[in-house]
Amino acid sequence: MTRSDAAGARTQDWIDGVVLCALVAAGSRAVDTNRDRINALNVFPVPDGDTGTNMSLTLKTIVEETTVRPELHVGEVAQRMARAALLAARGNSGLISAQLFRGLADAAAGRERISPSEFAAGMHAGARAAYDSVPDPREGTMLTVMRVTAEAASAAAESGGDIAAVLEAASVAAIEAVAFTPTQLDVLRDAGVVDSGGYGLSVFLSGALEQAQGRGNGASEFLPPSPIGVEGGGLRMAGVRSGFVEAAQDTVYGYCTVFVIEGEGLEVVEIRDRTTEFGESAVVAGDSALVKIHVHPLDPGPVISYGAGLGTLSGITILNMDEQTADWAAGQRQDAAPAVEWLETAIVAVCVGPGIKAAFVQAGMGACIPVAGGDTMNPSVRDLLDAVEAAPSDQILLLPNNKNILAAALQVPQLSDKAVRVVSTTSIPAGIAAAFAFSTSTDLEANVAAMSAAAEGVRSGSVTRAVRDAGVSGQKVLEGEFMALLDGALVATAGDPLTALVEMVRSVVPHPELITIYSGADVRKADVQKALEAARRAAGTAEVELVPGGQPHYDFLVAFE
Amino acid sequence: MTIAIVTDSTADLPRGLADEHGITVVPLIVRFGMEEFKDGVDIDNDEFYRRLQSENELPTTSQPSPGDFAETYRTLAADHDGIVSIHISGKVSQTVNSSTQGAREVAGDDVRIETVDSGQATIALGLIAVEAAKVAASGATMDEVVATARDAMTRARFYGMVDTLEYLLKGGRIGRAKAFLGGLLKVTPIITFEEGESAPVESPRTRRRAIDRMKALTEAAAPFDQLAVHYSTEPEEAAILAQEIAHLVPDSGVVTSQIGAVVGTYAGPGSLGVGFIRAKSG
């Protein structure tokens, strides 16, 4: 029965053959639209980036094979879908999602139309069939998402919800379950992503929901939820960590082998158990007349011979996953750094302020990647590691540029698969001097030596306002006074930053060759020019340069070299 | 069996060195407005740099015509069995294309002509041509001379510091050295040729440091078969640099070369550098 609610929107409390076709077609379109997003998250069981493609092709075939005919009962439609799904299923995700249709077919058998609670029961049966199709079910995958989704659908149906309400509950539960998958499966946590198959299923349900609610056009974009249990997860919704990309390439995955056995009296459970002996990621589903096998053997021959002994084989596909993985990794690298060429060596420098960043970039001749941080905003080890992993090189020179960040930086080399060397810079002026000593023409160790020497050859000065009365270097400094610190020691105090700067410049004897001054974000433009002139007068023979650094906290940062 | 070696004026070979090794140099063209000069033939280098710094409009350059090359090859074909013609990187100049077209007109049963894209420029190209000429003079076959040139290419490099990137940029030859641009601090960029075009090496803050760094880079690349110093407008600075790195080639001595008008159009005044062919390792 169809009725209208107050808002005029159609509500539906049953599903017949036509409605089921429409829901599945809408879900299929949604998966197709979001296919690349699903592919991009694919790291389990094999990081080959084809989950979305497999699900989309499986669903499209189901839709194509199930022509909409009003006279067909939902039981017959579901039965046809289940058979088409089994035959068309591609990859792990395709075969597991096919079980949803198996469950629906069982729940709808012989029925003209089904109620919301019968629909939910079908989802339950589908989840059970999915768990049964895998010899070694793992939580944190599509299986978990199917189970949780079915439970939510049942609860909604029990409280009297219509089809849209059941699908809405299922869809919301699916997204939530997907977000939690990194807490259940280590490989997802390591890669910093949610499960791609589960996400694909949530997209399918979201598409079906739009159809049930009479909105959307099947081209909606459904973004994956942020991974829970992954530090800084919100920043990395769709991207796979680059360290994982590299590691994936070193693992051998073999051949994705899929085929159908047609025969008599086939023992699905026994075939499933035997299939696990041939390789990883086995998924086996079907009935006594038709069984579909999916497995990842290193050699596809034996499992195919085994199948041929049981019945007639068809639909054999064998894909070299090592090639797929390499392609996927190449694609991920491109995605991670569009327009940036792969470098022999890259510099990752912790700094803040647009002019300071620009100085690092200039010094690094295009090979320096700034990562935000400094006083009062120390980046975590994870932040540094992520920046290192994202940098377009296998060899990284890490410049912490702050004594409070040095300890975190020193953790990074052992956590990264890249060759990471920390140049122990403890101030911005020393860090910039180190970056200017970088050479594209020498190796990593020679760069570490040259950059360390450059950093040690710099005296670092700063001018900042005291935020409270304090004793510094045995002298009392009053709140609001400007302090000039040279290599951490107080060399001058003054009522204004310019005087403090000039006092400091004068105090450095013998005169250095080069003095570089970076003016802070709070320094007025008029004062910048005055500072340069005053510093030049105080600097004797030294060459003085001043550029706007835009850094917070410090009116001036100064390098004496 | 005699093989002639041809290069172009971007090799910045001192005339004495080219003559000593019997290397034929085909000049590129440099133009100030409508005034056209053959590089190193019609215009004196010092006169060129004076005009480069005094005139408002920057000069332009162009490759020799295929006809220029054909004429050179025809002359050489009279008393040679083969010609190996080694040129500036095809990524920054059409010269090697022009030489290949010229060679097509002349090459035949009497004379074989091979053109080689050196992937290099300035004195690094010049030293590759010298390596090839040495082998040719010892009676090597055409294939041996070409192989020698290609092997020398793998060991050839120059490091050059420029006072300003303005000339490289305005001349459209900035290549990967564009990584130097955009910063506010004053630097004296050291560039090299990488994969046939300008590429950044280091960004020293002062000229004095840049010269120190070039010395260090040169020392790190030793030992050498050949070593040269090249400059655009500061011969005294070049002489000091040559003296300071002379110990790296005790037998052969350091070649000193003035950068000619065509390369000078892009390097600008105040340029100083080193070029070398590393010794074969092992």
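Residues numbered from 1 in each chain as written. Chains lettered and ligands numbered in written order. Predicted model: local features only at pLDDT ≥ 70, side-chain atom pairs only at ≥ 80, totals over all residues. Heavy atoms only, no water.

J.: An account of the overall build of chain A is requested, with residue identities and associated values reported.
T.: Within chain A one finds 21 helices and 20 strands. By residue count, 55% of the 561 residues in chain A fall in the buried class. In the structure as shown, chain A presents an accessible area of about 23100 Å², 52% of it carried by carbon and sulfur atoms. (Helix = DSSP H or I, 4+ residues; strand = E, 2+ residues; numbered from the N terminus. Buried < 20%, exposed > 50% of the residue type's maximum accessible area, 1.4 Å probe, protein only. Areas by Shrake-Rupley, 256 points an atom, 1.4 Å probe, with all protein chains shown as cover.)

J.: Tell me about the pairing of strand β6 (residues 82–87) of chain B, residues and numbers included.
T.: All names here are of chain B. β6 sits mainly inside the fold: six of its six residues count as buried. Of the two faces of β6, both are covered, the one formed by G82, V84 and I86 as well as the one formed by I83, S85 and H87. In the sheet, strand β1 (residues 3–8) pairs with β6 via four bridges, with the strands oriented parallel. Its bridge partner lying in β6, I3 is registered against G82. In this sheet, strand β7 (residues 112–117) lies alongside β6 in parallel orientation, the contact comprising six bridges. The partner of G82 across the bridge, within β7, is R112. With helix α4 (residues 95–106) bridging β6 and its parallel neighbour β7, the resulting β-α-β unit is right-handed. (Pairing = 2+ DSSP bridges. Right-handed = clockwise from strand over helix to strand, strands pointing away.)

J.: Mind laying out empty space enclosed by the protein, listing which residues take part and the relevant values?
T.: All names here are of chain A. All told, the structure shown has four cavities of 30 Å³ or more when counted by the stated rule. Among the secondary structure elements, those contributing two or more residues to the lining of the largest cavity are α1 (17–33), α5 (91–108), α6 (116–133) and α10 (196–212). When grouped by side-chain class, the residues that make up the lining of the largest cavity number 12 nonpolar, no polar and no charged. Roughly 50 Å³ of volume is contained in the second largest cavity. What lines the second largest cavity is L100, M123, A127, M146, T149, L201 and L205. Of all the elements in the fold, those that place two or more residues in the lining of the second largest cavity are α6, α7 (142–158) and α10. Looking at the lining of the second largest cavity residue by residue, the classes come out as six nonpolar, one polar and no charged. (1 Å grid on protein atoms, 1.4 Å probe; cavity = no way out; pocket = protein on both sides within 12 Å on 5 of 7 lines; lining within 4 Å. Points joined across faces, edges and corners; volume = space filled by probe spheres on them. Nonpolar A, V, L, I, M, F, W, Y, C, P; charged D, E, K, R; others polar.)

J.: Go over unusual backbone geometry, please, and point to the residues and values.
T.: Excluding glycine, residues mostly have negative phi values, and the peptide bonds linking residues are mostly trans. Put simply, V509 of chain A and P510 of chain A share a cis peptide bond, and its omega is -5 degrees. Checked against the element boundaries, P510 of chain A lands in the loop between α20 (497–507) and β18 (514–519). Residue A222 of chain B is joined to P223 of chain B through a cis peptide bond whose omega torsion reads 5 degrees. With respect to the element layout, P223 of chain B can be found in the loop between α8 (207–221) and β11 (224–231). Even without being glycine, M365 of chain A reaches a positive phi, approximately 50 degrees. Counting through the fold element by element, M365 of chain A comes out in the loop between α15 (354–363) and β10 (368–372). One non-glycine residue, T122 of chain B, adopts positive backbone phi at about 45 degrees. One can find T122 of chain B in helix α5 (residues 122–137).

J.: Give me the sheet that holds strand β9 (residues 346–351) of chain A: which residues, what numbers.
T.: Residue and element names in this part refer to chain A. Spatially, four strands are ordered β10-β9-β11-β12 in an open sheet, and the strand pairing comes out parallel. The open sheet has two edge strands with one neighbour each: β10 and β12 (419–422). Ignoring which end each strand starts from, the neighbouring axes of this sheet average 25 degrees apart. Set on the sheet, helix α17 (residues 403–415) makes contact with β9, β11 (395–399) and β12; between it and β12 the angle comes to about 155 degrees. (Axes fitted to C-alpha atoms, helices over the stretch in contact; angles between N-to-C directions. Contact = heavy atoms within 4.5 Å.)

J.: Before we move on, can you summarise the interface of chain A and chain B with the specific residues and values?
T.: Where interface size is given, it is often the accessible area lost as the parts come together that is meant. Between chain A and chain B, the residue contacts involve 20 residues of the former and 18 residues of the latter. A combined buried area of about 1800 Å² lies between chain A and chain B, and 49% of that area is made up of carbon and sulfur atoms. Three residues, Q362, M365 and F436 of chain A, lead the burial of chain A against chain B; their summed loss comes to 35% of the area buried on that side. Of the charged contacts in the structure, one is a salt bridge between E561 of chain A and R205 of chain B, with a shortest N-O distance of 3.7 Å. Counting across the chain A and chain B interface gives 14 residue pairs in polar contact (both at pLDDT 80 or more). (Buried area = accessible area lost by both parts, 1.4 Å probe. Salt bridge = Lys/Arg side-chain N within 4 Å of Asp/Glu carboxyl O. Polar contact = N/O pair within 3.5 Å; in protein donor to acceptor, adjacent residues only side chain to side chain.)

J.: Could you give an account of the confidence of the model for chain B, naming the residues involved and the relevant values?
T.: Chain-level pLDDT for chain B is 94 on average; 99% of the residues reach the 70-or-more range. This complex was scored by the predictor with a pTM of 0.61 and an ipTM of 0.89. (pLDDT = per-residue confidence, 0-100.)

J.: How would you explain the packing of aromatic side chains if you had to name every residue and give the values?
T.: Enumeration over the complete set of coordinates arrives at eight aromatic pairs over all chains. Seen from their ring centres, F101 of chain A and F204 of chain A are 6.3 Å apart, and the 70 degrees between their planes marks the pair as edge-to-face. With F101 of chain A in helix α5 and F204 of chain A in helix α10, this residue pair connects regions lying 103 residues apart in the sequence. Taking relative accessible area as the criterion, F101 of chain A reaches 3% and is therefore assigned buried. A relative accessible area of 7% means that F204 of chain A is categorised as buried. Look at F48 of chain B and Y49 of chain B: their rings are 5.2 Å apart centre to centre, the planes differ by 70 degrees, and that puts the pair in the edge-to-face class. Aromatic rings pair up to connect F32, F48 and Y49 of chain B into one cluster. One Lys or Arg, R113 of chain A, reaches over the ring of W14 of chain A and ends 3.8 Å from the middle of that ring. It is R205 of chain B that lies over the ring of F436 of chain A; its NZ or CZ is 5.2 Å from the centre. (Phe/Tyr/Trp six-rings, centres within 6.5 Å; stacked < 30°, edge-to-face > 60°. Lys NZ or Arg CZ within 6 Å of the ring centre and 35° of its normal.)

J.: Can you break down the nonpolar core residue by residue, with the values?
T.: Nonpolar side chains tend to gather and get buried jointly when the protein is soluble and globular. If you look at the biggest cluster of nonpolar residues, it comprises 75 residues, and the most contacted ones within it are I15, L20, F101 and L167 of chain A. Residue contacts for I15 of chain A: discarding those within four places in its chain leaves L20, L23, V74, R113, I114, F119 and I163 of chain A. In terms of nonpolar packing, the next biggest core, distinct from the first, is built from 57 residues, V420, V448 and L557 of chain A together with V162 of chain B among them. (Core = buried A, V, L, I, M, F, W, Y, C linked by side-chain atoms within 4.5 Å.)

J.: Just give me the short version of helix α2 (residues 45–54) of chain B, but keep the residues and values in it.
T.: Because the α-helix completes a turn every 3.6 residues, residues three or four places apart line up on one side. Among all positions of α2 of chain B, only N45, F48, Y49, R51 and L52 of chain B are buried. Buried residues in α2 of chain B, looked at end-on, bunch into an arc of 165 degrees, giving them a common side. (Arc of directions from axis to C-beta.)

J.: Got a sec to walk through the packing of helix α3 (residues 66–77) of chain B against α4 of chain B? Specific residues and values, please.
T.: Residue and element names in this part refer to chain B. Following both chains from N to C, one finds α3 and α4 inclined at 50 degrees, their axes separated by 7 Å at the closest point. As summarised for this structure, α3 and α4 are arranged oblique, according to the angle between their axes. As for the relative orientation of α3 and α4, their crossing is right-handed in sense. In this structure, α3 uses P66, F69, A70, Y73 and R74 to contact α4, whose residues at the interface are T95, S98, S99, Q101, G102, A103, E105 and V106. (Parallel < 35°, antiparallel > 145°, perpendicular 65-115°, else oblique. Left-handed = near helix turned anticlockwise from the far one by under 90°.)

J.: Tell me about the pattern of salt bridges, and please be specific about residues and values.
T.: Evaluated as defined, the whole model comprises 41 salt bridges over all chains. As a salt-bridge pair, K530 of chain A and D527 of chain A come within 3.7 Å of each other at their nearest N and O atoms. Placement of both K530 of chain A and D527 of chain A in helix α21 (residues 525–538) is noted, with a separation of three residues, approximately one turn of the helix. Since its relative accessible area comes to 14%, D527 of chain A is described here as buried. For E202 of chain B, the salt bridge goes to R213 of chain B, with nearest N and O atoms at 2.6 Å. Placement of the pair is E202 of chain B in strand β10 (residues 197–202) and R213 of chain B in helix α8, with a sequence separation of 11 residues. One salt-bridge network, in which partners are shared between bridges, spans E513, E545 and E561 of chain A together with R205, R208, R209, D212, K215 and E244 of chain B.

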